[in-house]
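Take a look at the letters that make up each chain.
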Amino acid sequence: MQIGLIRYLIDKLYNANILDKDEIVYILKNIKDENKEILFDYAVKTCERYYKRKVYLRGLIEFSNICMRNCLYCGIRAENSNAERYRLSKDEILECCKEGYSLGYRTFVLQSGEDMWFDAEKISDIIKSIKALYPDVAVTLSIGERTYDEYKIMFDAGADRFLLRHETASEELYGKLHPGASFINRKNCLYILKEIGYQVGAGFMIGLPGQTEEHLADDLIFLKELYPHMIGIGPFIPHSETPLCNEKGGTVEDTLVVLAMARLMVPDALIPATTAIGTLKKNGRELALNAGANVVMPNLTPVNQRAKYDLYENKICIGDEPAHCRVCIENRIRAAGFEPDLGRGDNVNFLKD
Ligand code: SAH
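Draft legend 1. Structural context of the sheet that holds strand β1 (residues 54-57). As summarised here, the arrangement of the 3 strands in space is β8-β1-β9, forming an open sheet in which the pairing is parallel. Two strands bound the open sheet, and with one partner strand each, they are β8 (295-296) and β9 (339-341). As paired strands, β1 and β8 are joined by 2 bridges and run parallel to one another. Following the sheet pairing, L57 is matched in β8 by V296.

And the structure:
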């Protein structure tokens, strides 16, 4: 029996870890349930080759929701005057790390809006304190666009990794969604971070208004070109206090297909099952693990501030204490057939770079 073109292309992606744009678009436009199962199976098998069935846990600390940007989709954009703003102090951040460390986390992800009050010096001071107290942890930053010198100062202070989603690889779409921001600069930051020596995470949202299969193919091709150590892919979820409040947003189904394809394009990447996908569907993160994801990022932000880091509507776990989150997430990972791992969880090929 002749196998269909779509199956042929999925097999080709699995074996060669690359497809051209037309081939990616063809899969995205035509894939149906039966072939999705094969794609997800290939994605999990590929992930297992590098990481077995381990799922790495990262403690997420959202330390400021103050932001100078105006990304149209984001609930903490500067122009949302209804957002209640907060900044954690250094002591509060260290308190989160203390709790996280005692719960077993060995990666802390420090995420914020683009809050320039936290300059390279202040961030470096925080990193040094974390590293002095907990020498065996990895520190990941997710604080947006900075200069080469600032990235270098923070790296020299001990930062290990940096998450900076490119958001979309289409210059035109990027321009529409990010008033006053530069697509070229955002991409350039990723190359700079890599050059400095960070483990770098790129990524994008699924279901942005105006986003086509061609745009998503460009995202996957950009990932192949950049070859990041980490890849964050989640559905866009509209927020009522933003210009995109009436948009539809992304679906779990579309996100899973693109995530699995990203796994096959960059086989050794660390890919989170995002909070956003868990927000759209109760078992969204479990489905993501079964489509090639291998990281989960439970929240360590103090419960009294957590609701304020609201990038999108109905974000899950905003009232849950860190100890509860850890147990809950470990149970979910196990129930989905995977093995939670609290180690640093570096990219397997990082040291060989
Ligand atoms: N200021 C940092 C961190 C941004 S928040 C930076 O610039 O990298 C982390 C990610 O949340 C963003 O990169 C974006 O992809 C995602 N995000 C923002 N608003 C969202 C929304 N409405 N729905 C889903 N994801 C969103």
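That covers the picture; the talk isn't over yet.
Draft legend 2. The site of the ligand, seen in detail. Not every one of the 19 residues close to the ligand is listed here, only the nearest: Y73, S112, R165, E167 and I237. A distance of 2.9 Å separates a nitrogen atom of the ligand from a polar atom in the backbone of S112. Interatomic distance of 3.3 Å between a backbone N/O atom of L311 and a nitrogen atom of the ligand. Here the ligand, which alone exposes 560 Å², has 92% of that area covered by the protein. Considering only residue class, the shell around the ligand consists of 10 nonpolar, 5 polar and 4 charged.

Draft legend 3. Focus on the packing of aromatic side chains. Tallying each qualifying case throughout the model produces 11 aromatic pairs. Where Y51 meets Y56, the ring centres are 6.0 Å apart and the plane angle is 80 degrees; that geometry is what we call edge-to-face. Here Y51 and Y56 have matching classes, each one buried. Here F162 and Y198 contribute two aromatic rings whose centre-to-centre distance is 5.7 Å and whose plane-to-plane angle is 85 degrees, an arrangement assigned as edge-to-face.

Draft legend 4. Spotlight on the side chain of R161. Here R161 lies in strand β5 (residues 161-163). Classification of R161 by relative accessible area gives buried; the value is 0%. Of note is the side chain of R161, whose polar atom sits 2.9 Å from the backbone oxygen of R344. Engagement of the side chain of R161 in a polar contact is seen with the side chain of D346, the distance being 2.9 Å. In contact with R161, not counting residues within four places along its chain, are R58, T107, A138, V139, T140, L141, Y198, Q199, M230, R344, G345 and D346.

Draft legend 5. How the structure looks around the pattern of salt bridges. Here the structure, examined in full by the defined rule, presents 28 salt bridges. D136 is the partner of R106 in a salt bridge, and the nearest nitrogen-oxygen pair spans 3.2 Å. One end of the pair, R106, is in the loop between α4 (90-102) and β3 (107-112); the other, D136, is in the loop between α5 (120-133) and β4 (138-142), with 30 residues separating them in the sequence. Exposure remark for R106: the relative accessible area of 18% places this residue in the buried category. Using a relative accessible area of 33% as the deciding quantity, one classes D136 as partly exposed. With a shortest N-O distance of 3.1 Å, K152 and D156 are connected by a salt bridge. Taken together, the residues K152 and D156, both in helix α6 (residues 148-156) and 4 residues apart, mark about one turn of the helix. A residue is classified by how much of its surface remains accessible, and D156, at 52% relative accessible area, is exposed.

Draft legend 6. Main features of the sheet that holds β3. Taken in spatial order, the 6 strands of this open sheet run β2-β3-β4-β5-β6-β7, and their pairing is parallel. Among the strands making up the open sheet, the edge pair consists of β2 (59-64) and β7 (230-235). Neighbour-to-neighbour, the strand axes of this sheet turn through a mean angle of 20 degrees, independent of strand direction. Here β5 pairs with strand β6 (residues 199-206) via 3 bridges, running parallel. Residue F162 lies in a different strand from β6, and its bridge partner there is V200.

Draft legend 7. Broad picture of a nonpolar patch on the surface. Together, I3, L5, Y8 and Y26 give the surface a local cluster of nonpolar side chains, amounting to about 380 Å² of exposed area. Along the chain, the position of Y8 falls in helix α1 (residues 5-16). The exposure class assigned to Y8 is partly exposed, which follows from its relative accessible area of 44%.

Calculation rules
Residues numbered from 1 in each chain as written. Predicted model: local features only at pLDDT ≥ 70, side-chain atom pairs only at ≥ 80, totals over all residues. Heavy atoms only, no water. Pairing = 2+ DSSP bridges. Helix = DSSP H or I, 4+ residues; strand = E, 2+ residues; numbered from the N terminus. Near = heavy atom within 4 Å. Polar contact = N/O pair within 3.5 Å; in protein donor to acceptor, adjacent residues only side chain to side chain. Areas by Shrake-Rupley, 256 points an atom, 1.4 Å probe, with all protein chains shown as cover. Nonpolar A, V, L, I, M, F, W, Y, C, P; charged D, E, K, R; others polar. Phe/Tyr/Trp six-rings, centres within 6.5 Å; stacked < 30°, edge-to-face > 60°. Buried < 20%, exposed > 50% of the residue type's maximum accessible area, 1.4 Å probe, protein only. Contact = heavy atoms within 4.5 Å. Salt bridge = Lys/Arg side-chain N within 4 Å of Asp/Glu carboxyl O. Axes fitted to C-alpha atoms, helices over the stretch in contact; angles between N-to-C directions. Patch = residues over 30% accessible without salt bridge, like charges linked within 9 Å, V, L, I, M, F, W, Y side chains within 5 Å.

Remember that the coordinates give geometry; whether it matters functionally is a separate question.
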